[in-house]
Amino acid sequence: MHLQSLSQLILGIPAILMALTFHEYAHGKAAYFLGDPTARNQGRLTLNPLAHLDPLGTLLLIVAGFGWAKPVQINPFYFQIDRRKGMMLVGLAGPLMNLVLAYLAAVLLHLFLRLDLGGIWIQTFLNLLVGYNVVLAVFNLIPVPPLDGSRVLAGILPPEGGAAVYRLESYGTLILLLLIATGIISRILGPLVNLVLNLIIAASGLAFV
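Residues numbered from 1 in each chain as written. Predicted model: local features only at pLDDT ≥ 70, side-chain atom pairs only at ≥ 80, totals over all residues. Heavy atoms only, no water.

(A) Spatial organisation of the overall build of the chain. A count of helical and extended segments in the chain gives nine helices and zero strands. The globule rule puts the C-alpha radius of gyration for 209 residues at 17 Å, and the 18 Å found for the chain is close to it. Dimensions along the principal axes, computed over C-alpha positions, put the chain at roughly 55 × 40 × 35 Å. Taking all 209 residues of the chain together, 44% fall into the buried category. Across the chain, contacts joining residues at least 24 apart in sequence account for 72% of those joining residues at least 6 apart. (Helix = DSSP H or I, 4+ residues; strand = E, 2+ residues; numbered from the N terminus. Rg over C-alpha atoms; globule rule 2.2 N^0.38 Å. Buried < 20%, exposed > 50% of the residue type's maximum accessible area, 1.4 Å probe, protein only. Contact = heavy atoms within 4.5 Å.)

(B) Representation of a nonpolar patch on the surface. Together, I184, I188, L192, L195 and L199 line one region of the surface with nonpolar side chains, adding up to about 430 Å² of accessible area. Summarising the element assignment, I184 is placed in helix α9 (residues 184-205). (Patch = residues over 30% accessible without salt bridge, like charges linked within 9 Å, V, L, I, M, F, W, Y side chains within 5 Å. Areas by Shrake-Rupley, 256 points an atom, 1.4 Å probe, with all protein chains shown as cover. Salt bridge = Lys/Arg side-chain N within 4 Å of Asp/Glu carboxyl O.)

(C) Region of the structure containing the nonpolar core. In terms of nonpolar packing, the biggest core is built from 31 residues, with V134, F139, I142, I185, L189 and V193 touching the most fellow members. Looking at this core, the elements that each hand over two or more residues are α1 (3-33), α4 (83-115), α5 (119-140), α8 (169-181) and α9. The element best represented in this core is α5, accounting for ten residues. Apart from residues no more than four positions distant in its own chain, V193 is found in contact with V134, V135 and V138. (Core = buried A, V, L, I, M, F, W, Y, C linked by side-chain atoms within 4.5 Å.)

(D) Representation of the environment of R84 within the structure. Positionally, R84 belongs in helix α4. Reaching out from R84, the side chain makes a polar contact with the backbone oxygen of A154 at a distance of 2.7 Å. (Polar contact = N/O pair within 3.5 Å; in protein donor to acceptor, adjacent residues only side chain to side chain.)

(E) Region of interest: the packing of α4 against α9. The interhelical angle for the contact between α4 and α9, taken along N-to-C directions, is 50 degrees, at an axis separation of 9 Å. Taken as axis vectors, α4 and α9 run oblique relative to one another. For the element pair α4 and α9, the recorded crossing hand is right-handed. Contacts from L99, A102, Y103, A106, V107 and H110 in α4 reach V196, I200, I201, A203, S204 and G205 in α9. (Axes fitted to C-alpha atoms, helices over the stretch in contact; angles between N-to-C directions. Parallel < 35°, antiparallel > 145°, perpendicular 65-115°, else oblique. Left-handed = near helix turned anticlockwise from the far one by under 90°.)

(F) The environment of P71, seen in detail. Note that P71 resides in the loop between α3 (55-63) and α4. Non-local contacts of P71, meaning those with residues more than four positions away in its chain, are made with E24 and R44.

(G) Molecular detail of the side chain of N133. With respect to the element layout, N133 can be found in helix α5. Polar contacts involving the side chain of N133 include one to the side chain of N98, which spans 2.7 Å. Filtering out sequence-adjacent residues up to four positions away, N133 remains in contact with A19, N98, L101 and A102.

(H) Main features of the packing of helix α7 (residues 159-167) against α8. Between α7 and α8, whose axes approach to 6 Å, the crossing angle comes to 60 degrees. Our classification of the angle between α7 and α8 gives oblique. Facing α7, whose interface residues are V165, Y166 and R167, α8 presents E169, S170 and Y171. The class makeup of the residues in the contact of α7 with α8 is three nonpolar, one polar and two charged. (Nonpolar A, V, L, I, M, F, W, Y, C, P; charged D, E, K, R; others polar.)

So this is what it looks like as structure tokens:
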């Protein structure tokens, strides 16, 4: 095995764990800010990866390049704002956290490359951290239940449309697996991930202009 492949394998796992952990933590924290104590009561307001891992989602992220963590349970009846808008905000929190992490990692990577710091291992880790966070953010914004994009879509649509989106929840995982198996997800994600990656790389470079 080449050194580059070995380093990506070794460093990819902590990069994935960090991306998944911060994603789910953001969901729980957003719900808590809106008045829902469910995530806190279940021990999900933590940055301990073991509290957030979903075996299948983690494996898919490693093997296929996209995946998910164990969903944080939310009870919108605790929300102190409109429940549909609250669910939309909670849904957005995870992907937004991933995009923030990707940007910060890209800024550090720019800095280390400019100053020739960190060595190949740290630079590889930061590069992987950028990539996995972008993939996780874009993938989860697909408007198919139970992904975060379905909550965002339900919050944007009129109440009847939002209710229709939530009714798909029982079929969502099957629909998602079919999209993955047929390669439709890859064809959709590829261009979007590249676009977001390019935007983040360009934006992070502006910090040093």
